[in-house]
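# Examination of the molecular architecture
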Amino acid sequence: MKVSKNTSNKIFLSSWISLSQTAASEPLHDVAPKPVWEFLRPLRNWVDSIQVSDRQLAHRLCKYIPAQCPFERDVKVFGKTLFHIPPMCKLNPLYEEVVGLRFKAMCYLADVCGEDISQYC
């Protein structure tokens, strides 16, 4: 690979009028595509479409959906940390949608019902 050729195609100077067609069509960096869970798309859309409009439902959602991952912890023996268990909630393919649902419930309780939500934080 010739460094000078690659660099000159990527650098944009104000004196250049236009980039060559090949330089403009090349991506600047190679980004690995994210894994797509397309078979879960209907379930994700369903969870996203849930509207929180009941006070009891909002309280239940805030109570049962944890604010932080309950599995993350340090395993200690005699005061010394043996190992750390990382949060596994990020492995859940519906994690973002469930956390968003909890946020909707908290917003409903705070904004519409005017309740104190500090117990759920």
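About the thresholds
- Residues numbered from 1 in each chain as written.
- Predicted model: local features only at pLDDT ≥ 70, side-chain atom pairs only at ≥ 80, totals over all residues.
- Heavy atoms only, no water.
- Helix = DSSP H or I, 4+ residues; strand = E, 2+ residues; numbered from the N terminus.
- Buried < 20%, exposed > 50% of the residue type's maximum accessible area, 1.4 Å probe, protein only.
- Contact = heavy atoms within 4.5 Å.
- Areas by Shrake-Rupley, 256 points an atom, 1.4 Å probe, with all protein chains shown as cover.
- Core = buried A, V, L, I, M, F, W, Y, C linked by side-chain atoms within 4.5 Å.
- pLDDT = per-residue confidence, 0-100.
- Salt bridge = Lys/Arg side-chain N within 4 Å of Asp/Glu carboxyl O.
- Patch = residues over 30% accessible without salt bridge, like charges linked within 9 Å, V, L, I, M, F, W, Y side chains within 5 Å.

An unreviewed UniProt entry lists the chain under the name Mo-dependent nitrogenase C-terminal domain-containing protein, with Aphanizomenon flos-aquae FACHB-1249 given as the organism.

### Description of the overall build of the chain
Helices and strands together make up the secondary structure of the chain, namely five helices and two strands. Reading the helices (α) and strands (β) of the chain from amino to carboxyl end gives α-α-α-α-β-β-α. The buried share among the 121 residues of the chain stands at 18%. Long-range pairs, those at least 24 residues apart, make up 53% of the contacts in the chain between residues at least 6 apart in sequence. Working note: accessible area of the chain is about 10000 Å², and carbon and sulfur atoms make up 60% of it.

### Topic: the nonpolar core
What tends to happen in soluble globular proteins is that the nonpolar side chains get buried as a cluster. The biggest cluster of nonpolar side chains holds 13 residues, and the ones touching the most others in it are Val52, Ala58, Leu61, Cys62, Ala105 and Leu109. For this core, the secondary-structure elements that each account for two or more residues are helix 4 (55-64) and helix 5 (95-112). Looking at which element gives the most residues to this core, the answer is helix 5, with five residues.

### With respect to the confidence of the model for the chain
When pLDDT is averaged along the chain, the result is 76; 69% of the residues meet or exceed 70. Contacts for the low-pLDDT stretch residues 1-23, under 50 throughout, to residues beyond four places or in other chains number 11 contacts.

### Description of the pattern of salt bridges
Evaluation of the coordinates by the stated rule reveals two salt bridges. Residue Arg44 pairs with Glu97 through a salt bridge whose shortest N-O separation is 3.7 Å. You can see Arg44 sitting in helix 3 (residues 41-49) and its partner Glu97 sitting in helix 5, a full 53 residues away along the chain. Of the two residues, Arg44 and Glu97, both sit in the buried class.

### A few points about a nonpolar patch on the surface
The grouping of Val77, Phe78, Leu82 and Phe83 at the surface amounts to a nonpolar patch, some 490 Å² of accessible area in total. Looking at the element boundaries, Leu82 is found in strand 2 (residues 80-85). Owing to a relative accessible area of 56%, Leu82 belongs among the exposed residues under this scheme.

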